[in-house]
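# An overview of the molecular structure
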Amino acid sequence: MNALFFLAPLAAVILLMLIGRAMFGTALVQPSVEAQAGISEQTTQGSTDILLRLQPEDWEKLEVKEKLDVLQTVANIEANRLGLPNELNVGGSNLSDGTLGSYDDRMHAIHINLELLETGSPDEALRSCCHEVYHSYQYRLVEAREAAGEELAGLRLFRSAAEYAEEFADYESGGSGEEFYAYYAQHCEEDARAYAEEAVQRYDQMLEEMLAPRQNE
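Side chains of Asp170, Glu172, Glu178 and Glu179 sit close together on the surface and give a patch of like negative charge. Take Glu178: it is sitting in helix H9 (residues 178–184).

Right under this line is the structure:
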């Protein structure tokens, strides 16, 4: 009787934790690949075997955790490419319907929708990951503008950062109808989409170059 009395509250706490994770997007699945702070040692040339898993025929055979290993590698490479001083922690989460990915700058965390990881294409997952990577870069630009001070804040270099700062302060998170348009039309989202599209093309080209010698053997 006493054991049941103590187990009931414990079960309730565990249930609340699981519900909280589902509601707020805490990563439920973590990759085995380590997030790297500062200038990452991972490069495309040094990560060939992992990146080759982005081929559709290989991707569909991977478990969710293995797919996250690929995306964490991509995040490390992109962080290096963008010169980010912070690590980017990639994880799989239960996100709201229609949300493929999200970024939390407080934790430097990229959340990828578990449904996307389970059923989506490698290009869709890659696009979502690189989109969120670029949001981290945008936050660093905002910080750089603030650190530069008022005298330099008007430089053309910081014009995008000024817009990002305004949008982050009053961020439109989306929804449907006019709310979705307000989210979609934000400068920070337009630039992140453009970067992600360029990244997908870059990785597709890279895969072709990796596979070319093997196809000629």
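Here we come to the sheet that holds strand E3 (residues 109–113). The three strands lie next to each other as E1-E3-E2, forming an open sheet whose pairing is mixed. In this open sheet, the two edge strands, each paired with only one partner strand, are strand E1 (89–93) and strand E2 (101–104). Put simply, the sheet's adjacent strands are angled 25° from each other on average, direction ignored. By the bridge criterion, five bridges tie E1 to E3 in an arrangement that is parallel. Within E3, the position partnered with Gly92 by the bridge is Ile112. Along the sheet, helix H4 (residues 64–82) contacts E1 and E3; its crossing angle with E1, the most-contacted strand, is approximately 145°. Strands in contact with helix H6 (residues 122–148) are E2 and E3; relative to E2, the strand with the most contacts, it is inclined by about 25°.

This part takes up the packing of H4 against H6. Across the interface, H4 lies against H6 with an axial gap of 10 Å and an inter-helix angle of 40°. Viewed along their axes, H4 and H6 form a crossing whose handedness is right-handed. Taken together, the residues of H6 that come into contact with H4 (itself represented by Leu71, Val74, Ala75, Glu78 and Leu82) are Ala125, Leu126, Cys129, Cys130, Val133, Tyr134 and Tyr137.

So, on to H6. Taking 1.5 Å as the rise per residue, H6 with 27 residues should run 39 Å; its terminal C-alpha atoms sit 39 Å apart, in good agreement. Backbone geometry just downstream of H6 places Gly149 in the positive-phi region, at approximately 90°.

Turning our attention to a nonpolar patch on the surface. The grouping of Leu152, Leu155 and Leu157 at the surface amounts to a nonpolar patch, some 290 Å² of accessible area in total. Tracing the backbone through its elements, the reader meets Leu157 in the loop between helix H7 (150–153) and helix H8 (159–169).

Attention now moves to the environment of Glu34. Note that Glu34 resides in the loop between helix H1 (2–24) and helix H2 (48–51). The spacing of Glu34 and Asp69 is 35 residues in sequence and 8.6 Å in space, taken between C-alpha atoms.

Let us now look at the side chain of Asn86. Mapping Asn86 onto the fold places it in the loop between H4 and E1. The buried category is assigned to Asn86, whose relative accessible area is 5%. At 3.2 Å, the side chain of Asn86 forms a polar contact with the side chain of Ser136. Polar contacts involving the side chain of Asn86 include one to the side chain of Arg140, which spans 3.2 Å.

Below, the discussion takes up H4. For an α-helix, the turn length of 3.6 residues means that residues three or four places apart are oriented alike. For H4, with 19 residues, the first-to-last C-alpha span of 26 Å sits near the 27 Å given by 1.5 Å per residue. Count one or two residues on from H4 and you reach Gly83, which has phi positive near 75°.

Our focus in this paragraph is the nonpolar core. Of all hydrophobic cores here, the largest spans 43 residues; its most connected members are Leu51, Leu54, Leu71, Leu88, Ile112 and Tyr203. Of all elements in the fold, only H4, E3, helix H5 (114–119), H6, H8 and helix H10 (187–215) reach the threshold of two or more residues within this core. The element contributing the most residues to this core is H10, with 11 residues. In contact with Leu51, not counting residues within four places along its chain, are Thr44, Thr73, Val74, Ile77, Tyr203, Met206, Leu207 and Met210.

Rules behind the numbers
- All residue numbers refer to position in the chain's written sequence, counted from 1.
- Given that the model is predicted, a residue must reach a pLDDT of at least 70 before its local features are reported, and side-chain atom pairs must reach 80 or more before they are shown or counted; all residues, however, enter totals for whole chains, interfaces and linings.
- Excluding hydrogens and water, the side-chain values take into account all heavy atoms of the structure.
- Only residues whose relative accessible area exceeds 30% and that take part in no salt bridge are eligible for patches, with like-charged residues grouped when within 9 Å of each other and nonpolar side chains (Val, Leu, Ile, Met, Phe, Trp, Tyr) grouped when within 5 Å.
- The Shrake-Rupley method, run with a 1.4 Å probe sphere, supplies the accessible areas, and residue values consider only the shown protein chains as cover.
- Any Lys or Arg side-chain nitrogen found within 4 Å of a carboxyl oxygen on Asp or Glu counts as a salt bridge.
- Charge assignment: positive for Lys and Arg, negative for Asp and Glu; neither His nor the chain ends contribute.
- Throughout, a charge is located at the NZ atom of Lys, the CZ atom of Arg, the CG atom of Asp or the CD atom of Glu.
- Runs of H or I in DSSP of at least four residues are treated as helices and runs of E of at least two as strands, each being numbered from the N terminus.
- Pairing between two strands requires that DSSP report at least two bridges joining them.
- In this analysis, axes come from line fits to C-alpha atoms, helices being fitted only over the stretch in contact, and the angle between any two N-to-C directions falls in the range 0 to 180 degrees.
- In this analysis, two residues are considered to be in contact whenever any of their non-hydrogen atoms come within 4.5 Å of each other.
- Crossing handedness: left-handed means the near helix sits turned counterclockwise from the far one by under a right angle, and right-handed means the same turn made clockwise.
- Each residue after the first adds 1.5 Å to the expected span of a helix.
- Any residue under 20% of the maximum accessible area for its type is buried, any over 50% is exposed, and the rest in between are partly exposed; the area is computed with a 1.4 Å probe on protein chains only.
- Any pair of nitrogen or oxygen atoms within 3.5 Å is treated as a polar contact; in protein, a donor-acceptor pairing is required on top of that, and neighbouring residues in sequence qualify only through side-chain atoms on both sides.
- Nonpolar cores were defined as sets of buried Ala, Val, Leu, Ile, Met, Phe, Trp, Tyr and Cys residues, with membership established by side-chain atoms within 4.5 Å.

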